[in-house]
Amino acid sequence: MKIRRAASPDDVFAAAHLFDAPPRPDATARFLAQDHSHLLIAYLGDQPAGFVSGVETTHPDKGTEMFLYELGVDDAFLRRGIGTALVEALKALAVERGCYAMWTGTAAGDAAAQATYRKAGGAVEDGAFVSWELSGAA
């Protein structure tokens, strides 16, 4: 498995089957143009198998943290560690970018998502909020 950052609309459109709806050209171009928006795609061979998106959010008194916006893995590739690897890759990128934390939300009953986040070092609180404290971040 290889994980690469989406660098062009072609990367996104080649992975369109992983999204909830077809990627919109205008939204794709805007997302990719923003330095604080990140889309990592996992490949098995040349086949896009999963993705994670993250957005850096900055607050004047807190600094910058990474919001894990969405995680998706193709049903044909579930239970192979792809989701965990994608979350870990986003977490590494967050540290590289100087984020002090990473967080996301999940449905209280989504045991599969919660297990993935725990495997990637996340702390699941109240069955819905997931957070990672990132060491070495400024």
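Residues numbered from 1 in each chain as written. Predicted model: local features only at pLDDT ≥ 70, side-chain atom pairs only at ≥ 80, totals over all residues. Heavy atoms only, no water.

*Asks:* So what exactly am I meant to see when it comes to the packing of helix α3 (residues 82-96) against helix α4 (residues 111-119) here?
*Replies:* When two helices pack together, their arrangement is captured by the angle between the axes and the distance separating the axes. Taken N-terminus to C-terminus, the directions of α3 and α4 make an angle of 50°; their axes are 9 Å apart at the nearest point. For the element pair α3 / α4, the angle class is oblique. In this structure, α3 crosses over α4, and the sense of that crossing is right-handed. Here α3 contributes G83, T84, V87 and E88 to the contact with α4, which in turn contributes T116, Y117 and K119. (Axes fitted to C-alpha atoms, helices over the stretch in contact; angles between N-to-C directions. Helix = DSSP H or I, 4+ residues; strand = E, 2+ residues; numbered from the N terminus. Parallel < 35°, antiparallel > 145°, perpendicular 65-115°, else oblique. Left-handed = near helix turned anticlockwise from the far one by under 90°. Contact = heavy atoms within 4.5 Å.)

*Asks:* In this structure, what is going on with the packing of aromatic side chains? I would like to understand it.
*Replies:* Working definition: an aromatic ring pair is given by the centre-to-centre distance plus the angle between the planes. Per the counting criterion, the structure on display carries five aromatic pairs. Relative to W103, the ring of F67 lies with its centre 4.5 Å away and its plane at 35°, an arrangement referred to as tilted. Here W103 lies in strand β5 (residues 101-105) and F67 lies in strand β4 (residues 63-73), a separation of 36 residues in the sequence. One cation-aromatic arrangement involves R4 over Y43; the distance from NZ or CZ to the ring centre is 4.0 Å. (Phe/Tyr/Trp six-rings, centres within 6.5 Å; stacked < 30°, edge-to-face > 60°. Lys NZ or Arg CZ within 6 Å of the ring centre and 35° of its normal.)

*Asks:* Got a minute to help me understand the pairing of strand β3 (residues 47-59) in this structure?
*Replies:* The side chains of a regular strand alternate between both faces of the sheet. Across eight bridges, the pairing between strand β2 (residues 37-44) and β3 is antiparallel. Looking at β3, one finds that L44 is bridged to Q47. Examined bridge by bridge, β3 and β4 share 10 bridges and lie antiparallel to one another. The residue of β4 that forms the bridge with E56 is M66. Counted along the chain from β3 to the antiparallel partner β4, the turn is three residues long. (Pairing = 2+ DSSP bridges.)

*Asks:* Which parts of the structure should I look at to understand the pairing of β2?
*Replies:* Within β2, seven of the eight residues are buried, leaving the element largely enclosed by the surrounding structure. Count of turn residues in the β2/β3 antiparallel hairpin: two residues, of which G45 carries a positive phi of about 65°. (Buried < 20%, exposed > 50% of the residue type's maximum accessible area, 1.4 Å probe, protein only.)

*Asks:* How should I be thinking about the sheet that holds β2 in this particular structure?
*Replies:* Hydrogen bonds between backbone atoms are what pair the strands of a sheet, whose relative direction is either parallel or antiparallel. Read across the sheet, seven strands follow the order β1-β2-β3-β4-β5-β7-β6 without closing on themselves; strand pairing throughout is mixed. A single partner strand is all that each edge strand has here, and the edge strands are β1 (2-5) and β6 (123-125). Recorded for the sheet is a direction-independent mean angle of 25° between the axes of neighbouring strands. Where β4 and β5 come together, three bridges link them in parallel fashion. Within the sheet, the bridge partner assigned to M66 lies in β5 and is M102. Sitting on the sheet, α4 is in contact with β4, β5, β6 and β7 (129-133), with an inclination near 130° to β4.

*Asks:* Sorry, what's going on with α4 here?
*Replies:* In an α-helix there are 3.6 residues to a turn, and that puts residues three or four apart on one side. Among the residues of α4, A113, Q114, T116 and Y117 are the ones counted as buried. The buried residues of α4 occupy an angular sector of 160° when projected down its axis, which confines them to one face. Residues of α4 that are exposed and point more than 90 degrees away from the buried face comprise A111 and K119. At its buried positions, α4 is contacted by β4, α3, β5, β6 and β7. G121 occupies a position one or two residues after α4 and carries a positive phi of about 90°. (Arc of directions from axis to C-beta.)

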